[in-house]
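What follows is each chain in one-letter form.
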Amino acid sequence: MSIDWITVAAQIVNFLVLVWLLKRFLYRPILDGIDRREVEITQRMQEAAHVREQAQAMEQAYRDKVQALDVAQADLTETIRRKAEEQRDALLADARRKLEKEHETWRTHLDDEARKYKARLHRAGAASLLALTGKALDDLADETLEERMARHLAQKLGPMAQDLRRAAAKVSEAVVTSQGPLSQAGRQAVQSELQDVFPDISVRFETDEEQSPGLVLRMGGAEVAWTVETYLEGLASMIDAELVSGRDAPGAER
Amino acid sequence: MTFSPDDRILFELWGIPLNATIFYTWVVMALLTIAASLITRNLRPDVPPNRWRTTLEVIVLAIQAQIEEVAGRRENHLLYFAGTIFLFVAVSNLLLVIPGFEPPTASLSTTTALALSVLVAVPIFGITSRGLGGYLRTYLEPSFVMLPFKIISEMSRAISLAIRLYGNIMSGAVIAAILLSVAPFFFPVVMDVLGLLTGLIQAYIFAILAAVYISSATADGAEPI
C-alpha cells in the first residue's frame with residue numbers, strides 16, 4: 001500500500017481529460033438531444049393543439065353551415081308547399097269554374113233542347129189539333145177552322161172594345177194576320193165587327209207562314225191573338241196549374 | 001505478490017514506463033469515450049432513440065436525478081464531475097470480471113487522485129458559486145474556532161474517500177486472487193459477483209459523496225455531511 005505520486009498526477013490528468021471527453025461525447029449530446037426532443041415534442045403538441053383547435057373550429061363552422069342549410073331547406077320546403085297549395089287551390093277553383101261553366105252550358109243546352117222539344121211538341125200538337133178540328137168542322141159543319149176562328153175573334157172584339165180603344169186611340173189602320181189567305185166570309189166577319197167597334201179605321205189582311213194557324217189583330221201597340229198556339233199555351237198553363245195544385249194539395253202523392 | 005497495479009510496469013512509451021494503473025485507466029477512458037461517441041453520433045430530434053441511446057439517456061438522467069436530489073438543483077457542471085467519477089469507477093469495477101483486467105480503482109494512486117480532485121473541486125465550485133470571500137467565510141462559521149476543524153474535516157473527507165474506495169476494490173481483487181489459488185473453481189466466481197455489486201455501490205458512494213461535498217460548498221447547497 002503505497003502512493004505513486006507520478007501516477008496520482010497522471011490519474012488526475014486522466015480524470016480531467018475523461019471529464020472533458022465525457023462532457024464532449026456523452027453529457028452534452030445526451031442532454032442537448034433530450035432538450036431538443038422535449039422542444040420538438042412541445043412544438044408538436046402545440047401544433048397538434050393548434051390543429052385540433054382548427055379542426056374544432058372547422059367542425060363548428062360545418063355544423064353551422066349544416067344547420068343553416070337545414071333551416072334554408074325547411075324554409076324552401078315550406079315555401080314550395082305553400083306555393084303548391086296555392087297552385088292546387090287555383091287549379092281546383094279553375095276546374096270548379098270550368099265545371100260550373102260546362103254545367104251551365106249543359107243546362108242551357110238542356111233547356112234549349114227542352115224548349116225545342118216543347119216547341120216541336122206544340123207544333124205537333126197544334127198540327128194534330130188543327131187537322132182534327134179542321135176535319136171535324138169540315139165533316140160536321142162544312143166550315144173551315146180559320147173561318148170559325150175569324151168569327152170567334154170577331155165575337156171577342158165586342159167585350160174588348162173599351163180596352164182596344166184606349167190602346168189604339170190614334171191608329172187609323174188595323175192589321176189582321178193569318179197563316180194562309182183568309183176566306184172571304186172570314187174577312188167580312190172580322191171587317192164588319194171592327195167597323196162596328198172602330199168605324200173610322202181601315203182593315204188590312206196579311207199572311208205570315210211562320211205564324212201559328214189562327215188570327216192576330218194588331219192596332220198600333222195593341223194586339224189580340226186567337227191562334228192555335230195561344231190556345232195550346234193556355235191549355236198548357238191550365239195543365240201546369242192543375243199539376244201544381246194537384247202537387248200542393250193535401251194528401252197528394254209525393 | 002503484487003497488490004497494487006502501480007507496481008506492474010507493462011511497457012515503456014517514449015522511455016516512460018507505463019504501469020497497469022495508467023494503462024487500464026486509458027482502456028476505461030477509451031471504452032467510455034468510444035461507446036459514448038458511437039451511440040451519440042447522428043442524434044436528431046425527429047429520429048426515435050435506439051435502445052443504446054435510450055440506455056445512455058437512462059444512465060445520464062439517473063445520475064442527474066441523484067445529483068439534483070443531493071444538490072437541490074440542476075447543476076450541469078456537477079453532473080459532469082460527479083457523473084464522470086461514477087462512470088469511471090463503475091466501469092473500472094465492472095471490468096473486474098474480465099480476466100487479466102486490473103481495475104485502476106484498486107490502485108491507491110487512482111483513488112487518491114480522485115479524492116484530490118474532489119478536494120480541489122470543492123473550493124473551486126464553492127468560490128465559483130459564493131465568491132472567494134463567501135467561500136472562505138464558511139470556514140469561520142459559526143465561529144473562527146471552527147477553522148482548524150473545518151480544515152481537518154476537508155482533509156479527512158479526501159482521505160476517507162480515497163481509502164474507502166481503494167480498500168473495497170483492492171480487497172475484493174486480493175480476496176479473489178487468494179481464493180483463486182485456494183479454491184479455483186467456485187469461490188472466485190462468487191467473489192467476482194460480490195465484487196461487481198461492491199464496485200457499483202462504491203462508485204455510487206464515491207460519486208454521491210463528491211456531489212454532497214461540492215454542493216455543500218456552493219451557495220444554497222446541502223448541509224455538509
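What counts and how
- Residues numbered from 1 in each chain as written.
- Chains lettered and ligands numbered in written order.
- Predicted model: local features only at pLDDT ≥ 70, side-chain atom pairs only at ≥ 80, totals over all residues.
- Heavy atoms only, no water.
- Helix = DSSP H or I, 4+ residues; strand = E, 2+ residues; numbered from the N terminus.
- Rg over C-alpha atoms; globule rule 2.2 N^0.38 Å.
- Expected span 1.5 Å × (residues − 1).
- Bend = angle between axes of the 7 residues up to and from the residue.
- UniProt positions renumbered as here; feature names shortened; annotations may be inferred.
- Buried < 20%, exposed > 50% of the residue type's maximum accessible area, 1.4 Å probe, protein only.
- Arc of directions from axis to C-beta.
- Axes fitted to C-alpha atoms, helices over the stretch in contact; angles between N-to-C directions.
- Parallel < 35°, antiparallel > 145°, perpendicular 65-115°, else oblique.
- Contact = heavy atoms within 4.5 Å.
- Nonpolar A, V, L, I, M, F, W, Y, C, P; charged D, E, K, R; others polar.
- Buried area = accessible area lost by both parts, 1.4 Å probe.
- Salt bridge = Lys/Arg side-chain N within 4 Å of Asp/Glu carboxyl O.
- Polar contact = N/O pair within 3.5 Å; in protein donor to acceptor, adjacent residues only side chain to side chain.
- Pairing = 2+ DSSP bridges.
- Right-handed = clockwise from strand over helix to strand, strands pointing away.
- pLDDT = per-residue confidence, 0-100.
- 1 Å grid on protein atoms, 1.4 Å probe; cavity = no way out; pocket = protein on both sides within 12 Å on 5 of 7 lines; lining within 4 Å.
- Points joined across faces, edges and corners; volume = space filled by probe spheres on them.

Caption draft 1: Seen up close, the overall build of chain A. A count of helical and extended segments in chain A gives 5 helices and 4 strands. Reading chain A from its N terminus to its C terminus gives the helix and strand order α-α-α-β-α-β-β-β-α. A globule of 254 residues ought to have a C-alpha radius of gyration of about 18 Å, yet chain A, at 61 Å, is considerably larger. Projected onto its principal axes, the C-alpha coordinates of chain A cover approximately 195 × 50 × 35 Å.

Caption draft 2: Looking closely at helix 1 (residues 5–141) of chain A. All names here are of chain A. A rise of 1.5 Å per residue sets the reference length of helix 1, with its 137 residues, at 204 Å; its end C-alpha atoms lie 192 Å apart and thus fit the reference within 8%. The sharpest bend along helix 1 measures roughly 45 degrees and falls at Lys23. Among the residues trailing helix 1, Asp142 stands out with phi positive, at a value near 50 degrees.

Caption draft 3: Representation of the UniProt feature "transmembrane region" (unreviewed entry) in chain B in the model. Residues and elements named next belong to chain B. According to UniProt, the positions carrying the feature "transmembrane region" (unreviewed entry) are residues 20–43, 78–101, 107–127, 165–187 and 193–214. For residues 78–101, the helix share is 71%, the strand share is 0%, and the end-to-end C-alpha distance is 30 Å. Between the end C-alpha atoms of residues 107–127 the distance is 31 Å, and the span holds 95% helix and 0% strand.

Caption draft 4: Fine view of helix 2 (residues 51–71) of chain B. Residue and element names in this part refer to chain B. Between its terminal C-alpha atoms helix 2 stretches 30 Å, which fits the 30 Å expected from 21 residues at 1.5 Å a residue. Taken together, the buried positions of helix 2 are Arg53, Leu56, Glu57, Val60, Ile63, Gln64, Ile67, Val70 and Ala71. Projection of helix 2 onto a plane perpendicular to its axis shows the buried side chains occupying an angular sector of 165 degrees, all on one side. The outward face of helix 2, more than 90 degrees from its buried face, is lined by the exposed residues Arg51, Val58 and Glu69. One or two residues past the end of helix 2 sits Gly72, with phi positive at roughly 80 degrees.

Caption draft 5: Spotlight on the packing of helix 1 of chain A against helix 1 (residues 20–40) of chain B. Contact geometry for helix 1 of chain A and helix 1 of chain B: axes closest at 9 Å, N-to-C directions at 5 degrees. By the angle class used here, helix 1 of chain A and helix 1 of chain B are roughly parallel. Taken together, the residues of helix 1 of chain B that come into contact with helix 1 of chain A (itself represented by Thr7, Ala10, Gln11, Asn14, Val17, Leu18, Leu21, Leu22, Phe25, Leu26, Pro29 and Ile30 of chain A) are Thr21, Ile22, Thr25, Trp26, Met29, Leu32, Thr33, Ala36, Ser37 and Thr40 of chain B. A breakdown of the residues in the contact of helix 1 of chain A with helix 1 of chain B according to their chemical character gives 14 nonpolar, 8 polar and no charged.

Caption draft 6: Quick look at the environment of Trp26 of chain B. Along the chain, Trp26 of chain B turns up in helix 1. On the accessibility criterion, Trp26 of chain B (36% relative accessible area) is partly exposed. Considered as a pair, Trp26 of chain B and Gln66 of chain B are 40 residues apart in the sequence and their alpha carbons are 27 Å apart. Contact partners of Trp26 of chain B, with chain neighbours within four places excluded, come to Asn14 of chain A together with Leu13 and Leu18 of chain B.

Caption draft 7: Up close: the interface of chain A and chain B. Counting residues at the interface gives 31 residues for chain A and 42 residues for chain B. Summed over both partners, the interface of chain A with chain B comes to about 3400 Å²; 73% of that surface belongs to carbon and sulfur atoms. Area buried by chain A at its contact with chain B is led by Gln11, Phe15 and Tyr27 of chain A, which between them contribute 20% of it. On inspection of chain A and its partner chain B, the count reaches 1 salt bridge. A salt bridge links Glu57 of chain B to Arg37 of chain A; its shortest N-O distance comes to 2.8 Å. Our enumeration of links across chain A and chain B arrives at 10 residue pairs in polar contact (both at pLDDT 80 or more). Along the lines of polarity and charge, the residues of the side of chain A that touches chain B split into 19 nonpolar, 5 polar and 7 charged.

Caption draft 8: Molecular detail of the packing of helix 1 of chain A against helix 2 of chain B. Contact geometry of helix 1 of chain A with helix 2 of chain B gives a least axis separation of 10 Å together with a crossing angle of 95 degrees. Classified by the angle between their axes, helix 1 of chain A and helix 2 of chain B sit roughly perpendicular to one another. Residues Leu26, Tyr27, Ile30, Leu31, Gly33, Ile34 and Arg37 of chain A of helix 1 of chain A pack against Arg53, Leu56, Glu57, Val60, Leu61 and Gln64 of chain B of helix 2 of chain B. Partitioning the contact of helix 1 of chain A with helix 2 of chain B into residue classes produces 8 nonpolar, 2 polar and 3 charged.

Caption draft 9: Local environment of the pairing of strand 2 (residues 202–207) of chain A. Residues and elements named next belong to chain A. In terms of strand pairing, strand 1 (residues 173–178) meets strand 2 through 6 bridges, oriented parallel. Each bridged residue has a counterpart across the sheet, and for Glu173 the counterpart in strand 2 is Ser202. Handedness of the strand 1-helix 4 (residues 184–197)-strand 2 crossover: right-handed.

Caption draft 10: Representation of the confidence of the model for chain A in the model. Chain-level statistics for chain A give a pLDDT mean of 84 and a share of 96% at 70 or above. Model confidence for chain A, summarised as mean pLDDT per element, is weakest for helix 5 (residues 228–248) of chain A at 74 and strongest for helix 1 of chain A at 90.

Caption draft 11: Expanded view of empty space enclosed by the protein. Tallied over the entire structure, the rule returns 2 cavities of 30 Å³ or more. Of the pockets and cavities examined, the largest cavity occupies roughly 60 Å³. Along its surface, the largest cavity is lined by Gln11, Asn14, Phe15 and Leu18 of chain A together with Thr25, Met29, Phe88, Thr110, Ala113 and Leu114 of chain B. Elements that contribute at least two residues to the lining of the largest cavity include exactly helix 1 of chain A together with helix 1 and helix 4 (108–130) of chain B. Among the residues forming the lining of the largest cavity, the class breakdown is 6 nonpolar, 4 polar and no charged.

Caption draft 12: Region of interest: the sheet that holds strand 4 (residues 222–227) of chain A. All names here are of chain A. Strand order in the open sheet made by the 4 strands is 2-1-3-4, with mixed pairing throughout. Edge positions in the sheet fall to strand 2 and strand 4, since each has one partner strand and no second. Averaged over all neighbouring strand pairs, the angle between strand axes comes to 15 degrees, with direction disregarded. In this sheet, strand 4 lies alongside strand 3 (residues 214–219) in antiparallel orientation, the contact comprising 6 bridges. Bridge pairing in strand 4 links Leu217 to Val224. With respect to the sheet, helix 4 is in contact with strand 1, strand 2 and strand 3, its orientation differing from that of strand 2 by roughly 145 degrees.

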